Each structure stands twice: as structure tokens, then as C-alpha cells.
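# Results of the structural survey
Each chain, written out:
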Amino acid sequence: MDNLILPTKNTWCPGCGNFGIQNALKEAVSEMDPGKTVLISGIGCHGKISDYMNLNSVYALHGRSIPVGTGIKIGNRELNVVCMVGDGDTYDEGVSHFVHAAKRNSDITVIVNDNRVFALTVNQPTSTSPRGYVSTTSPKGTTEDPLNPLDTALSLGATFVARGYAGKQEHLKRLILEGMRHRGFSFIEVLQPCVVWFNTFPEYNERCYEMEEEYLPIEKAREKAREWDYANDNQIPLGIFYKEEKPTNEEQLGDIHQVDVLAMMEESK
Ligand SMILES: Cc1ncc(C[n+]2csc(CCOP(=O)(O)OP(=O)(O)O)c2C)c(N)n1
Ligand code: SF4
Ligand SMILES: [Mg+2]
């Protein structure tokens, strides 16, 4: 299982929430078939995970992991496609891809490392930064309310919606495993403290709780998603909010786009 982590030099800051997410992913993938898992990452601190995991992987452009993953899944339905993306990556730079993949129920798992900041580019606000967030581009604080990613995903028709926390690795592993096993678009929002720009560990340790009741009906799931709106001081529910079985994008496409890559390689010799 340990050989899923490569001996590459890791440049995440000591204590970064990304370590907890990487461990949870490693544990989850080791219970699936690592050889059939493809990891696509975005650009940002989170994106470096492609360099650190011993998995087939693609380092996509900023905000473009989801369409790359969608294409890979259409080409080879046998693969488990996991997109590890950032909040700026997904809710800002590549937001249209998030919208359309959820809408068409692409059978991929999207794990958002949400540190609520553009971290690698040294602290600019993203869509989930709280109102008043002071940063390099908002020295007097932002003047916008944050987006609620869970409520957004539910409104877009995502068929698996969950929230985990980098500080609860065992719980997060379960969410990732369930997301990977789900047939359809799996959206897992992960609260990931960035110890350098926005250290939310104390706040999340105090306020995050695991929901006793999961797999809620859609309206209840949306109500639960709004319990904490990324701005108020409420308790923060974690777990699987919603799951629904619906025909996937690939099932609806049939085999028209399926590519036998090995046969193509043979033919081109
Ligand atoms: C198209 C494009 N726009 C902007 C950038 C610059 N850029 C590189 S990393 C980054 C921040 C990424 O933030 P986020 O997705 O939240 O990831 P984090 O670093 O927080 O993990 C930005 C804006 C880029 N590489 N490509
Ligand atoms: S800047 Fe923040 S998100 Fe990036 S590695 Fe350091 S602690 Fe992690
Ligand atoms: Mg970020």
C-alpha cells in the first residue's frame, strides 16, 4: 500500500491539509484497483499530488482537470477517473466544466481541496473565501459573499454529493471510496486548511461534525448544505448528503466514442 506514495521530494508546507487528503486518497485507492485508477490534477498546491502518487496521472491545465477526466472516461469505461482539483481551479477558473460535468452526469469522481484561497499564487481570494477576506488583491477585505459549493452541486444535478475534512482522514477515506464506487458524477468537497494563508484548522476542529443521517432526499440535502453557508459561525456538517442513480454520460453515449487504444497502437506499428 505504501508504494502508492512516490519518493519524490514533497514541497507542501509542513502541516498543510493536503497531506491528510493524500493519505485518505491513498487508503481509498488501495481498496480499489490502483492499476485502473487515473488521477488528474489541476494547477495549484493541490495539483502537485500528481507528482507524489504512484498512479497513472495527468497534470492538466488550471481548471481543466474535469474535461480531461471526462474525455478519459469516455475513451475507456474500465477506468476509475479521479480529478483532484482546487477551489480556485474549480469554482473560478474552470467553473463551466464543473457545471457541465455535473449536468451530464459524467462518471468521474471530483475531489475539491478547498482551502478557500488561491494558495500557490500567494494569497488571492477564491469563490469560497469569506466576505472581508484580506489578501494581496483585497487589502481592505473582499466585498462578496462566498459560494456554497454543496448547494451549487446539488442544484446542478450532481448524483453524489459529500463533504469531508482533511483533519478527519478515516471519514474522508470512506467518502472517497463511496464516491469512486458511485456510478455517475461524484462531487466531494474537502475542507483543506492552508496553514500559511488561511489556517482554518482551529475553526474546523471545533465546528465540524459527522452527520448521523446521510443520503437525504434532495430538498433536505439542500437545506442541510445551507446549514453552514461558508460565512456564518454554525456547526459544519460532514458526510454524504445525497446520492441518486441516473444514467451516466457514458451510458447515454453508448459505444460511439469508445476507443480501443491498444488496438490503435498495434495498428500504427
Ligand atoms: C489559466 C491560468 N490562469 C492562472 C494561472 C495561475 N495560477 C497558477 S496556480 C493558481 C492558484 C490555484 O488556486 P487553487 O486552484 O485554489 O489551488 P491551491 O493553490 O489553493 O491548491 C493560479 C491562479 C494559471 N496557471 N493558469
Ligand atoms: S501554501 Fe497553503 S495550500 Fe500551499 S502547500 Fe503551503 S499550506 Fe498547503
Ligand atoms: Mg485553493
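Here is a short report on the structure shown in this document. (Residues numbered from 1 in each chain as written. Chains lettered and ligands numbered in written order. Predicted model: local features only at pLDDT ≥ 70, side-chain atom pairs only at ≥ 80, totals over all residues. Heavy atoms only, no water.)

### A closer look at the coordination of the magnesium ion (ligand 3)
Coordination angles at a metal have ideal targets, namely 109.5 degrees for four tetrahedral donors and 90 or 180 degrees for six octahedral donors. Convention followed: Donor atoms: N, O and S within 2.8 Å of the metal, or within 3.2 Å for Na, K and Ca. Because water is excluded, sites can look incomplete. Residue burial is assigned from relative accessible area. The probe radius is 1.4 Å, only protein chains are included, and a residue is buried under 20% of its type maximum, exposed over 50%, and partly exposed in between.
Taken together, Asp87 (OD), Asn115 (OD1) and Val117 (O) make up the protein donors of the magnesium ion (ligand 3), found 2.1 to 2.2 Å from the metal. Since its relative accessible area comes to 2%, Val117 is described here as buried.

### Digging into the pairing of strand 3 (residues 80-86)
Every other side chain in a regular strand lies on the same face of the sheet, so the side chains alternate between the two faces. Definition in use: The numbering of helices and of strands both runs from the N terminus, where a helix is a DSSP run of H or I of at least 4 residues and a strand a run of E of at least 2. For two strands to count as paired, DSSP must find a minimum of two bridges between them.
Most of strand 3 is tucked away: seven of the seven residues are buried. On strand 3, burial covers both faces: Asn80, Val82, Met84 and Gly86 on one face and Val81, Cys83 and Val85 on the other are all buried. Pairing of strand 1 (residues 37-41) with strand 3 involves five bridges; the strand directions are parallel. Following the sheet pairing, Ser41 is matched in strand 3 by Met84. Of the strand pairs in this sheet, strand 3 and strand 4 (residues 109-114) are connected by five bridges, and their pairing is parallel.

### With respect to the site of ligand 1
Definition in use: Whether a residue is near a molecule or strand is decided by its heavy atoms; if any one of them lies within 4 Å of it, the residue is near. We define a polar contact as two N or O atoms separated by no more than 3.5 Å, with the added condition that, inside protein, one atom must be a possible hydrogen donor and the other a possible acceptor, whereas residues neighbouring each other in sequence contribute only through side-chain atom pairs. Using a 1.4 Å probe, accessible areas were evaluated by the Shrake-Rupley method; residue-level cover was limited to the displayed protein chains. Within this scheme a cavity is a closed region of a 1 Å grid, computed over the protein atoms alone, that accommodates a 1.4 Å probe without allowing it to escape, whereas a pocket is open but has protein on both sides within 12 Å along at least five of seven lines; lining residues each have an atom within 4 Å of a point. Grid points define the cavity or pocket, and a molecule sits in it when more than half of its atoms lie within 2 Å of them. Polar here means any residue outside two lists: the nonpolar Ala, Val, Leu, Ile, Met, Phe, Trp, Tyr, Cys and Pro, and the charged Asp, Glu, Lys and Arg; Gly therefore counts as polar.
Around ligand 1, the surrounding shell holds 16 residues, and the nearest of these are Cys45, His46, Asp87, Gly88 and Asp89. Asp89 places a polar main-chain atom, nitrogen or oxygen, 2.8 Å from an oxygen atom of ligand 1. Between Glu93 and ligand 1, the recorded distance is 3.3 Å, taken from a side-chain N or O atom to a nitrogen atom. Within the complex, 74% of the 590 Å² of free accessible area of ligand 1 lies under protein. Spatially, ligand 1 is embedded in the largest pocket. With four residues, helix 4 (residues 87-93) is the largest single contributor of residues to the shell around ligand 1. Class assignment of the residues belonging to the shell around ligand 1 gives a composition of six nonpolar, seven polar and three charged.

### Observations regarding the site of ligand 2
Near ligand 2 you find Trp12, Cys13, Cys16, Cys45, Asn115, Ala119, Gln192, Cys194, Val195, Val196 and Trp197, and these make up its full shell. Among the residues forming the shell around ligand 2, the class breakdown is nine nonpolar, two polar and no charged.

### Details of the layout of surface pockets
Empty space among the atoms becomes apparent when a probe as large as a water molecule is rolled across them. Applicable threshold: Grid points are joined across faces, edges and corners, and a volume is the space filled by probe spheres set on the points.
Estimated volume of the largest pocket: approximately 190 Å³. Taken together, 17 residues form the lining of the largest pocket, with Ile43, Gly44, His62, Phe118 and Ala119 sitting closest to its centre. With three residues, helix 4 is the single largest residue contributor to the lining of the largest pocket. Taken as a whole, the second largest pocket holds about 160 Å³ of empty space. Every residue lining the second largest pocket is counted, 15 residues in all, and those nearest its centre are Cys13, Cys45, Ala119, Cys194 and Val196.

### Observations concerning the pattern of salt bridges
The line we're drawing: When a carboxyl oxygen of Asp or Glu is within 4 Å of a side-chain nitrogen of Lys or Arg, the pair counts as a salt bridge.
On inspection of all chains with the given rule, the structure shows 16 salt bridges. The salt bridge involving Glu214 is made with Arg174; its shortest N-O contact spans 3.1 Å. Within this pair, whereas Glu214 is found in the loop between strand 7 (208-210) and helix 9 (218-225), its partner Arg174 is found in helix 7 (residues 169-181), the two being separated by 40 residues in sequence. With a closest N to O distance of 2.5 Å, Glu251 and Arg183 form a salt bridge. Placement of the pair is Glu251 in helix 10 (residues 249-253) and Arg183 in the loop between helix 7 and strand 6 (186-191), with a sequence separation of 68 residues. Judged by relative accessible area, Glu251 falls into the partly exposed class, the value being 44%. A relative accessible area of 34% means that Arg183 is categorised as partly exposed. Each member of the salt-bridge network shares a partner with another, and the members are Arg183, Lys243, Glu245 and Glu251.

### Here's the deal with the pairing of strand 8 (residues 236-243)
Among the eight residues of strand 8, seven are classified as buried, and the element is accordingly described as predominantly covered. Pairing geometry for strand 5 (residues 160-165) and strand 8, over four bridges, is antiparallel. Looking across to strand 8, one finds that Ala162 is bridged to Ile240. Where strand 7 meets strand 8, three bridges bridge the pair, whose relative direction is parallel. Looking at the pairing, Cys208 lines up with Ile236 of strand 8.

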